Amino acid sequence: MKVDTVIINAREIATVSSGGKAKYGKEMSDAGIIKNAGIAIKDGKIIEIADSKVIEDKYSWDMMIDASGKIITPGFVDSHSHPVFVHTREDEFAMRLEGKSYVDIALAGGGIRSSIASVLAASEEELVELSIPRIEKMIALGTTTLEAKSGYGLTTESELKQLRAIQKLDDIMPIDIIPTFMGAHEYPAEYKDDHEAFIKILIEEMIPAVMEQGIAKFCDIFTEAHVYSIEESRRILSAAKEAGLQLKMHADEIESIGGAELAAEMGCISADHLGAASDEGIKAMKEAGVIPVLLPATLFSLRSKTYARGRKMIEEGLPVAIATDYNPGSCNCDSMPLTMSIASLQMGLSPVESLCAATINAACALGMEDSVGSLEAGKLADLIIWDMPSLNFIPYHLGSSHILRVMKRGKTIHLAQ
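Sequence positions are assigned chain by chain, starting from 1 and proceeding in written order. In view of the model being predicted, local features appear only for residues whose pLDDT reaches at least 70, and side-chain atom pairs are presented and counted only at 80 or more, with totals across whole chains, interfaces and linings using the full set of residues. Heavy atoms from the whole structure form the basis of all side-chain values; hydrogens and water molecules are not counted.

(A) View of the overall build of the protein. Strands are runs of DSSP state E lasting at least two residues, helices are runs of H or I lasting at least four, and both sets are numbered from the N terminus onward. Within the protein, the secondary structure is distributed over 16 helices and 16 strands. We take the radius of gyration over the C-alpha atoms and set the globule estimate at 2.2 Å times the residue count to the 0.38 power. Its C-alpha atoms give the protein a radius of gyration of 21 Å, near enough to 22 Å, the size a compact globule of 417 residues would have. Reported as C-alpha extents along the three principal axes, the dimensions of the protein are approximately 70 × 45 × 45 Å. In this description, contact between two residues means that some pair of their heavy atoms is separated by no more than 4.5 Å. The long-range fraction of contacts in the protein, counting pairs at least 24 apart against all pairs at least 6 apart in sequence, stands at 72%. Accessible area for the protein stands at about 15500 Å²; split by element, carbon and sulfur atoms hold 52% of it. The positive count covers Lys and Arg only, the negative count covers Asp and Glu only, and His and the chain ends enter neither. Charged side chains are reduced to one point each, which is NZ for Lys, CZ for Arg, CG for Asp and CD for Glu. Across the protein, the 40 positively charged side chains and the 60 negatively charged ones have centroids separated by 5 Å. Only the protein chains shown count as cover for residues, with accessible areas throughout obtained via the Shrake-Rupley method and a probe of 1.4 Å.

(B) Representation of helix α5 (residues 124–140) in the model. In this scheme, a helix's expected span is set at 1.5 Å multiplied by one less than its residue total. The end-to-end C-alpha separation of α5 is 25 Å, in line with the 24 Å expected for 17 residues at 1.5 Å each. The seven residues ending at a residue and the seven starting there each receive a fitted axis; the angle between those axes is the bend at that residue. Taken as a whole, α5 carries its principal kink of about 30° at I132; the proline P133 stands between one and four residues after it. A simple rule labels every residue: compare its accessible area, found with a 1.4 Å probe on the protein chains alone, to the largest value its type can have, and call it buried under 20%, exposed over 50%, or partly exposed in between. Where α5 is concerned, the buried positions are E124, L127, V128, S131, R134, I135, M138, I139 and A140. With its phi angle positive at about 105°, G142 sits one or two positions after the end of α5.

(C) Focus on the environment of V290. Residue position: V290 is located in the loop between α10 (279–288) and β12 (291–294). Taking the C-alpha atoms as reference points, V290 and H87, separated by 203 residues in sequence, lie 33 Å from one another. Non-local contacts of V290, meaning those with residues more than four positions away in its chain, are made with A263, A264, C268, I269, S270, A271 and M285.

(D) Region of interest: the sheet that holds β12. With parallel pairing, the eight strands of this open sheet are ordered in space as β6-β7-β8-β9-β10-β11-β12-β13. Two strands bound the open sheet, and with one partner strand each, they are β6 (76–78) and β13 (321–322). Relative to strand β11 (residues 270–273), strand β10 (residues 246–251) runs parallel, the two being bridged by four bridges. By the bridge assignment, M249 is partnered in β11 with A271. Two strands qualify as a pair provided DSSP detects at least 2 bridges between them.

(E) Local environment of the pattern of salt bridges. Salt bridge, as used here, is a side-chain nitrogen of Lys or Arg placed within 4 Å of a carboxyl oxygen of Asp or Glu. Per the counting criterion, the structure on display carries 22 salt bridges. One salt bridge in this structure joins E12 and K35, with 2.8 Å as the shortest N-O distance. Here E12, found in strand β1 (residues 2–14), pairs with K35, found in strand β2 (residues 33–42); they are 23 residues apart in sequence, far enough to count as distant. On the basis of relative accessible area, K35 is assigned to the exposed category, the value being 53%. A salt bridge links K149 to D220, with the shortest nitrogen-to-oxygen separation between them at 2.7 Å. Of this pair, K149 sits in strand β7 (residues 143–149) while D220 sits in strand β9 (residues 218–223), and the two are 71 residues apart along the sequence. The structure contains a network of salt bridges with shared partners spanning E124, E125, E157, R164 and K168.

(F) Quick look at the packing of aromatic side chains. Stacked, tilted and edge-to-face are the three classes assigned to paired rings of Phe, Tyr and Trp, where Trp is represented by its six-membered ring and a pair needs centres within 6.5 Å; plane angles under 30 degrees give stacked, over 60 edge-to-face, the rest tilted. Inspection of the entire model under this criterion finds six aromatic pairs. For the ring pair Y191 and F198, a centre distance of 5.5 Å and an interplane angle of 35° mean the geometry is tilted. Two thresholds decide whether a charge sits over a ring: the Lys NZ or Arg CZ must be within 6 Å of the ring centre and within 35 degrees of the ring normal. Against the face of F85 rests R134, its NZ or CZ located 3.6 Å from the ring centre. Positioned above the aromatic ring of F218 is the side chain of K248, whose terminal nitrogen or guanidinium carbon lies 4.9 Å from the ring centre.

(G) Structural view of the pairing of strand β5 (residues 71–74). Bridge analysis of β1 against β5 gives two bridges, and the strand direction is parallel. Across the sheet, E12 pairs through a bridge with I71, a residue of β5. The sheet contact formed by β5 and strand β14 (residues 383–386) spans four bridges and is antiparallel. Along β14, the bridge assignment pairs I72 with I385.

(H) Geometry of the nonpolar core. Within this scheme, the nonpolar core is defined by two criteria: the residues are buried Ala, Val, Leu, Ile, Met, Phe, Trp, Tyr or Cys, and they are joined through side-chain atoms within 4.5 Å. Within the largest apolar cluster, 103 residues are counted, with the highest numbers of intra-cluster contacts made by F181, Y228, L274 and L391. In terms of residues, this core owes the most to one element, helix α7 (residues 195–213), which gives seven residues. Ignoring anything within four residues of it in the chain, the contact list for L391 reads A14, A31, I33, I71, T73, P351, V352 and L355. Membership of the second largest hydrophobic core comes to 18 residues, among which are A22, I269, I291 and V372.

Below, the structure is given as structure tokens:
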């Protein structure tokens, strides 16, 4: 049989195979390793993974990649990011080092609000142009599927502008970029003392306009004591769900206010952050089938003394995912390998659990487990070729990349120099 590409002689292929579902509990410790293996790829999809000699004998090809001595993993699925913005906020980083908290900075007019004015003033083309090099760096670090949120506009037109920019980036860039509407990211300064007026805009104007635009897949909201309360979040999420958007939540990042429980009640596909999620919230997410998406680099960047209880969630049988939360303020991290390192060091995940959390379980947090997140026949040929001694090396090594090649749909999209 003629295929487009074969990869042969890989020392190990970590398939992270799951049968098209999330990995739970002890399943997260199984990387699905095949030794001395090869992959046959046609029309952007995996045809077969088998012993390298089997692949060589069975197929002819247009291109052959010799991965002798190398390790192959699925491409990373970064299921929570905010890459479409104008200015970085390194000054706030310095303020945090001086002792100011994230909430202190936000209440003083910094934080999310400080990104809004520049996004309002920027054109759609400027947003796209600024975002391209950021996403290129994410690709070089192994990301092949990326969720991207709006939320730095907070007016109907500016939110739509951000979503259009995300759509253009999906068209331009060689990876899949999944758009999430997050008009409920903060209250604009003019509505700081009149939440009801802005909620009305969100429900009656923004959500219908987003649905008419037809781009966003998800609706997200920042549910936290200093932003959207549980009842406010319930109203906005209910409107989004009724309109036809799938639901996500920034939940219990800083305080345990019942965000995880609300995510379960509303049937969210994921609840993200969860740095302060309660035992009751963890139980509710498990019963409702909510994917917990943990963001370890955010808590690291915020100098948190505590982290989301990833170890407990896995032991309780939840399919834990991790993501970068790449954004201009609280977490300017574009690296899934570093995110894996912090998940292992601070949240108690083993290296293989971190890999599963960054691939197949993250794909489930986007409803994309049928096409990405693991290396299996019929799924997209999204993969990373590594020059490293073992899978444990990914979170063990800090500070530079050992990625040789990144492939999306069977095409090389990054090649180390």
